[in-house]
Amino acid sequence: MKTRPPLQLVTDPAAVLHHHSEPVKVFDGDLRRLVDEMFERCVEWHGVGLAAPQVGLNLQLAVVVYEGHRFAIANPRRLSEAGEVDAQEGCLSLPGKAGLVRRFEAVRVRYRNLHGKGVVRDFDGWLARIVQHESDHLQGTLCSQRLAPGATFDPVPEDEEEEDE
Ligand code: NI
């Protein structure tokens, strides 16, 4: 791992946000320390999810911190999906803006946890949205590239700002 604490938030434009990230291959103490700090920064920055490219690392790794859920995903792959739903979405790396983003309503995802164990898990609702958003980051795709037909990605008035992913 090349970074040292504290991790810095990368905002667009930045090449690291647009690259395909490398799979995590080594699940060791360094990775767990990185994940711990990503959890901390995610909460500090008022996010509900944070992907490694957002702290400058092209690694297929993300954390989710949302309503009592707190877990890390590495090397995620979507196995199946159902339904579609549009909702307002923002991103820590696209500060102050949001737009209507179309996502699958429910997804089944295979990933590795921070111990390297393979997990298959079903997500729905907002958690499904967050997992799709973070998985997109690991392929170099931002939510502003997933807008619902006719939607635009626009500045959000400050008093309306919500949690970002
Ligand atoms: Ni994001």
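Quantities reported herein were computed from a predicted structural model and do not represent experimental measurements.

1. A few points about the side chain of His137
And step 1. Checked against the element boundaries, His137 lands in helix H2 (residues 125–137).
And step 2. Assessed through its relative accessible area of 1%, His137 is described here as buried.
And step 3. For His137, the residues in contact, after removing those within four places along its chain, are His19, Ala51, Pro53, Gln54, Cys91, Leu142 and Glu165.

2. With respect to helix H1 (residues 29–44)
And step 1. Between its first and last C-alpha, H1 extends 23 Å over 16 residues, near the 22 Å set by a 1.5 Å rise per residue.
And step 2. Turning to H1, its buried residues are Leu31, Leu34, Val35, Glu37, Met38, Phe39, Arg41 and Cys42.
And step 3. Those residues of H1 that are buried lie in contact with strand E1 (49–51), strand E2 (61–66) and strand E3 (69–91).
And step 4. Measuring from the backbone nitrogen of Asp30 back to the side-chain oxygen at the start of H1 gives 3.3 Å, which picks out Asp28 as the cap.
And step 5. Following H1 by one or two positions, His46 has its phi on the positive side, about 60°.

3. Some remarks on the side chain of Thr141
And step 1. Tracing the chain through its elements places Thr141 in the loop between H2 and strand E6 (154–155).
And step 2. In contact with Thr141, not counting residues within four places along its chain, are Leu17, Asp136 and Arg146.

4. Looking at the pairing of strand E4 (residues 94–112)
Side chains on a regular strand alternate between the two faces of the sheet.
And step 1. Strand direction decides the pairing type here: E3 and E4, joined by 13 bridges, are antiparallel. Counted as the bridge partner of Arg78 is Val109 from E4.
And step 2. Between E3 and the antiparallel strand that follows it, E4, lie two residues.
And step 3. With two bridges connecting them, E4 and E6 associate as antiparallel partners.

5. Re the nonpolar core
And step 1. Core analysis: the largest hydrophobic core is formed by 20 residues, its most contacted members being Leu34, Met38, Leu50, Leu59, Leu61 and Val63.
And step 2. If you list the elements that add at least two residues to this core, you get H1, E2 and E3.
And step 3. The leading source of residues in this core is H1, at six residues.

6. Focus on H2
And step 1. Helix length check: H2, at 13 residues, gives a terminal C-alpha distance of 19 Å against a target of 18 Å (1.5 Å per residue), a fit within 8%.
And step 2. Within H2, eleven of the 13 residues are buried, which leaves the element mostly enclosed by the surrounding structure.
And step 3. Inspection of H2 places Leu127, Ala128, Arg129, Ile130, Val131, Gln132, His133, Glu134, Ser135, Asp136 and His137 among the buried residues, and these make up the whole buried set.
And step 4. Buried-residue contacts for H2 involve E1, E2, E3, E4 and strand E5 (118–124).

7. Some details on the packing of aromatic side chains
And step 1. Throughout the structure, instances matching the rule amount to one aromatic pair.
And step 2. With centroids separated by 5.8 Å and ring planes inclined at 20°, the aromatic side chains of Phe71 and Phe123 adopt a geometry described as stacked. Within this pair, whereas Phe71 is found in strand E3, its partner Phe123 is found in strand E5, the two being separated by 52 residues in sequence.
And step 3. In this structure Phe71 comes out as buried when scored by relative accessible area, which is 10%.
And step 4. A relative accessible area of 3% places Phe123 in the buried class.
And step 5. Between Arg129 and the ring centre of Trp126, over which it is positioned, the NZ or CZ distance is 5.4 Å.

Definitions and limits used
Residues numbered from 1 in each chain as written. Predicted model: local features only at pLDDT ≥ 70, side-chain atom pairs only at ≥ 80, totals over all residues. Heavy atoms only, no water. Helix = DSSP H or I, 4+ residues; strand = E, 2+ residues; numbered from the N terminus. Buried < 20%, exposed > 50% of the residue type's maximum accessible area, 1.4 Å probe, protein only. Contact = heavy atoms within 4.5 Å. Expected span 1.5 Å × (residues − 1). Polar contact = N/O pair within 3.5 Å; in protein donor to acceptor, adjacent residues only side chain to side chain. Pairing = 2+ DSSP bridges. Core = buried A, V, L, I, M, F, W, Y, C linked by side-chain atoms within 4.5 Å. Phe/Tyr/Trp six-rings, centres within 6.5 Å; stacked < 30°, edge-to-face > 60°. Lys NZ or Arg CZ within 6 Å of the ring centre and 35° of its normal.

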